[in-house]
Amino acid sequence: MNLYTIALFAHVSGAIGVFIGVGVWLFGVLGWRQAQRVEQARLIARLITTAGNLVVGSLLLLIIAGLYMALTTWGLAVPWLDVATGSFLLLAPLGVLLIDQRVKAITIQ
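Residues numbered from 1 in each chain as written. Predicted model: local features only at pLDDT ≥ 70, side-chain atom pairs only at ≥ 80, totals over all residues. Heavy atoms only, no water.

A. Just the overall build of the protein chain, in detail. Within the protein chain one finds three helices and zero strands. Seen in sequence order, the protein chain has helices and strands lined up from the N terminus as α-α-α. Here the protein chain has a C-alpha radius of gyration of 17 Å; the compact-globule value for 109 residues is 13 Å, and the former is much larger. Across its three principal directions, the C-alpha atoms of the protein chain cover 55 × 30 × 20 Å. Within the protein chain, the fraction of its 109 residues that count as buried is 25%. The contacts of the protein chain with a sequence gap of at least 6 include a subset with a gap of at least 24, amounting to 78%. (Helix = DSSP H or I, 4+ residues; strand = E, 2+ residues; numbered from the N terminus. Rg over C-alpha atoms; globule rule 2.2 N^0.38 Å. Buried < 20%, exposed > 50% of the residue type's maximum accessible area, 1.4 Å probe, protein only. Contact = heavy atoms within 4.5 Å.)

Below is the structure:
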């Protein structure tokens, strides 16, 4: 087993972790709409916070493995790397700017 195979496994695992975390975020937002008590909203906020930690860890794994594969195998001249990097840089702050502030406001007691 070579290092590229390990990096590919880490990259795919990171992508799966990101999708799971974002899915939990979306279900949490839907759960907030259904919450009838403050305790329910705070419980969902804790779940979203845990999912946020999963997303951050998975993103780090995704970035590190992806950069390794891009630098060692393809080089940076491949056009789809520009698209992937650009979309990541545009979408990454949305979780911090939109979701994190609301979660912190709900979890403060």
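Now, onward.
B. Spatial organisation of the confidence of the model for the protein chain. Residues at a pLDDT of 70 or more form 97% of the protein chain, whose mean pLDDT is 85. Helix α1 (residues 3-34) holds the highest mean pLDDT among the elements of the protein chain, 90, whereas helix α3 (residues 79-107) holds the lowest, 78. (pLDDT = per-residue confidence, 0-100.)

C. Examining the packing of aromatic side chains more closely. Taken as a whole and judged by the stated rule, the model has two aromatic pairs. One aromatic cluster is present, built from ring pairs that chain together Y4, W74 and W80. (Phe/Tyr/Trp six-rings, centres within 6.5 Å; stacked < 30°, edge-to-face > 60°.)

D. Here's a closer look at the side chain of S58. Locating S58 in the fold gives a position in helix α2 (residues 38-74). Its relative accessible area of 7% is what places S58 among the buried residues. Excluding residues that lie within four positions of it along the chain, S58 makes contacts with G14, G17 and V18.

E. Structural context of α1. An ideal rise of 1.5 Å per residue puts 46 Å on 32 residues; α1 measures up with 47 Å between its terminal C-alpha atoms. Inspection of α1 places A7, A10, G14, G17, V18, G21, W25, G28, G31 and W32 among the buried residues, and these make up the whole buried set. (Expected span 1.5 Å × (residues − 1).)

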